[in-house]
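A closer look at the structure
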Amino acid sequence: QVQLVESGGGLVQAGGSLRLSCAASGRTIRNDAMGWFRQAPGKEREFVAAISRIDATDYADSVKGRFTISRDNAKNTLYLQMNSLKPDDTAVYYCATKGRYYGGIYYRETDYNYWGQGTRVTVSS
(Lines give C-alpha, C1' and ligand atoms only; values in the text may rest on other atoms or scores of the structure.)
Protein backbone atom coordinates (compact mmCIF):
# COMPACT_ATOMS: atom_id res chain seq x y z
CA GLN A 1 0.00 0.00 0.00
CA VAL A 2 1.27 3.44 -0.87
CA GLN A 3 1.35 6.42 1.50
CA LEU A 4 1.36 10.00 0.20
CA VAL A 5 2.52 13.08 2.08
CA GLU A 6 2.16 16.56 0.63
CA SER A 7 4.34 19.53 1.52
CA GLY A 8 5.29 22.94 0.19
CA GLY A 9 2.14 24.89 0.89
CA GLY A 10 2.16 28.30 2.50
CA LEU A 11 1.26 31.96 2.17
CA VAL A 12 2.26 33.75 -1.03
CA GLN A 13 1.35 37.03 -2.68
CA ALA A 14 -0.60 37.11 -5.91
CA GLY A 15 1.74 36.63 -8.84
CA GLY A 16 4.11 34.49 -6.83
CA SER A 17 5.07 30.83 -7.12
CA LEU A 18 5.06 27.70 -5.00
CA ARG A 19 6.10 24.14 -5.64
CA LEU A 20 4.10 21.44 -3.93
CA SER A 21 5.62 18.03 -3.32
CA CYS A 22 3.91 14.70 -2.77
CA ALA A 23 6.34 12.17 -1.34
CA ALA A 24 5.33 8.54 -1.74
CA SER A 25 6.39 5.63 0.41
CA GLY A 26 5.58 1.94 0.54
CA ARG A 27 6.24 1.33 -3.13
CA THR A 28 7.36 3.12 -6.27
CA ILE A 29 4.94 5.46 -8.02
CA ARG A 30 6.83 5.45 -11.32
CA ASN A 31 4.00 3.58 -13.05
CA ASP A 32 1.08 5.31 -11.36
CA ALA A 33 -1.65 7.48 -12.76
CA MET A 34 -1.70 10.40 -10.33
CA GLY A 35 -3.37 13.71 -9.81
CA TRP A 36 -3.63 16.91 -7.83
CA PHE A 37 -6.94 18.19 -6.51
CA ARG A 38 -7.82 21.20 -4.38
CA GLN A 39 -10.60 22.25 -2.07
CA ALA A 40 -11.28 25.90 -1.41
CA PRO A 41 -13.20 27.01 1.69
CA GLY A 42 -16.88 26.28 1.29
CA LYS A 43 -16.41 24.51 -2.03
CA GLU A 44 -16.19 20.95 -3.27
CA ARG A 45 -12.86 19.38 -4.08
CA GLU A 46 -11.92 19.92 -7.71
CA PHE A 47 -9.49 18.52 -10.23
CA VAL A 48 -6.31 20.51 -10.83
CA ALA A 49 -3.86 18.36 -12.80
CA ALA A 50 -3.09 14.77 -13.66
CA ILE A 51 -0.25 12.69 -15.02
CA SER A 52 -0.48 9.28 -16.64
CA ARG A 53 1.88 6.37 -16.13
CA ILE A 54 3.72 7.43 -19.30
CA ASP A 55 3.85 11.05 -18.12
CA ALA A 56 1.14 12.50 -20.32
CA THR A 57 -0.41 15.45 -18.49
CA ASP A 58 -3.58 17.49 -18.41
CA TYR A 59 -4.86 20.44 -16.43
CA ALA A 60 -8.00 22.18 -15.37
CA ASP A 61 -8.71 25.19 -17.58
CA SER A 62 -8.33 27.48 -14.58
CA VAL A 63 -4.66 26.54 -14.11
CA LYS A 64 -3.57 25.69 -17.64
CA GLY A 65 -0.43 27.61 -18.57
CA ARG A 66 0.34 28.43 -14.94
CA PHE A 67 0.71 25.03 -13.21
CA THR A 68 2.92 22.11 -14.15
CA ILE A 69 2.63 18.56 -12.83
CA SER A 70 5.71 16.36 -12.90
CA ARG A 71 7.22 13.28 -11.32
CA ASP A 72 10.73 12.46 -10.13
CA ASN A 73 11.05 8.69 -10.10
CA ALA A 74 14.41 8.73 -8.31
CA LYS A 75 12.84 10.64 -5.41
CA ASN A 76 9.50 8.83 -5.67
CA THR A 77 7.82 12.22 -5.56
CA LEU A 78 5.09 14.00 -7.49
CA TYR A 79 5.27 17.78 -7.89
CA LEU A 80 2.98 20.65 -8.74
CA GLN A 81 4.78 23.82 -9.80
CA MET A 82 2.40 26.74 -9.42
CA ASN A 83 3.27 30.07 -11.04
CA SER A 84 1.38 33.35 -11.41
CA LEU A 85 -0.74 32.47 -8.41
CA LYS A 86 -4.09 34.16 -7.92
CA PRO A 87 -6.25 34.56 -4.80
CA ASP A 88 -8.69 32.08 -6.40
CA ASP A 89 -5.96 29.43 -6.10
CA THR A 90 -6.32 29.53 -2.32
CA ALA A 91 -7.21 26.01 -1.20
CA VAL A 92 -6.01 22.84 0.43
CA TYR A 93 -4.17 20.84 -2.22
CA TYR A 94 -4.24 17.06 -2.27
CA CYS A 95 -2.27 14.53 -4.28
CA ALA A 96 -3.73 11.16 -5.13
CA THR A 97 -2.94 7.99 -7.00
CA LYS A 98 -5.29 5.74 -8.89
CA GLY A 99 -2.73 2.96 -8.81
CA ARG A 100 -0.23 1.28 -11.05
CA TYR A 101 -0.41 0.51 -14.75
CA TYR A 102 -3.54 2.48 -15.58
CA GLY A 103 -2.99 3.98 -19.01
CA GLY A 104 -5.08 7.11 -18.97
CA ILE A 105 -5.50 10.45 -17.30
CA TYR A 106 -8.20 10.59 -14.66
CA TYR A 107 -10.29 13.57 -13.63
CA ARG A 108 -12.73 12.44 -10.97
CA GLU A 109 -12.13 12.08 -7.24
CA THR A 110 -13.70 8.66 -7.36
CA ASP A 111 -11.07 7.51 -9.86
CA TYR A 112 -8.37 7.72 -7.19
CA ASN A 113 -7.73 5.20 -4.46
CA TYR A 114 -5.05 6.72 -2.22
CA TRP A 115 -4.85 10.30 -0.99
CA GLY A 116 -2.49 12.46 0.97
CA GLN A 117 -3.57 14.62 3.89
CA GLY A 118 -3.32 17.89 1.99
CA THR A 119 -1.24 21.05 2.17
CA ARG A 120 -2.72 24.52 2.48
CA VAL A 121 -2.01 27.25 -0.04
CA THR A 122 -3.08 30.81 0.65
CA VAL A 123 -2.66 33.51 -1.99
CA SER A 124 -3.04 37.07 -0.79
CA SER A 125 -4.11 39.91 -3.07
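Residues numbered from 1 in each chain as written. Predicted model: local features only at pLDDT ≥ 70, side-chain atom pairs only at ≥ 80, totals over all residues. Heavy atoms only, no water.

**Points about the state of the cysteines**
- Taken as a whole, this structure holds one disulfide when the rule is applied.
- Each sulfur of the disulfide joining Cys-22 and Cys-95 lies 2.0 Å from the other. Here the disulfide of Cys-22 and Cys-95 is right-handed, its torsion about the S-S bond being about 60°. Taken as a pair, Cys-22 in strand E3 (residues 18-25) and Cys-95 in strand E9 (residues 91-100) lie far apart in primary sequence, 73 residues in all. For the pair shown, Cys-22 and Cys-95 are each scored as buried. (Disulfide = S-S within 2.5 Å. Helix = DSSP H or I, 4+ residues; strand = E, 2+ residues; numbered from the N terminus. Buried < 20%, exposed > 50% of the residue type's maximum accessible area, 1.4 Å probe, protein only.)

**Describing the sheet that holds strand E7 (residues 67-72)**
- Strand order in the open sheet made by the four strands is E1-E3-E8-E7, with antiparallel pairing throughout. A strand with exactly one partner marks an edge of an open sheet, and here the two such strands are strand E1 (3-7) and E7. When the angles between neighbouring strand axes are averaged without regard to direction, this sheet yields 15°.
- Inspection of the sheet shows E3 paired to strand E8 (residues 77-82) by six bridges, in the antiparallel sense. Opposite Ala-23, over in E8, you have Thr-77 as the bridge partner. (Pairing = 2+ DSSP bridges. Axes fitted to C-alpha atoms, helices over the stretch in contact; angles between N-to-C directions.)

**Side note on the pairing of strand E4 (residues 32-39)**
- Counting buried residues along E4, seven of its eight residues qualify, which places the element largely inside the surrounding structure.
- As paired strands, E4 and E9 are joined by eight bridges and run antiparallel to one another. In the sheet register, Trp-36 faces E9, and the bridge partner there is Cys-95.
- Joining the antiparallel neighbours E4 and strand E5 (residues 46-51) is a turn of six residues, in which Gly-42 adopts a positive phi near 75°.

Limitation: the analysis is restricted to geometry and does not speak to function.
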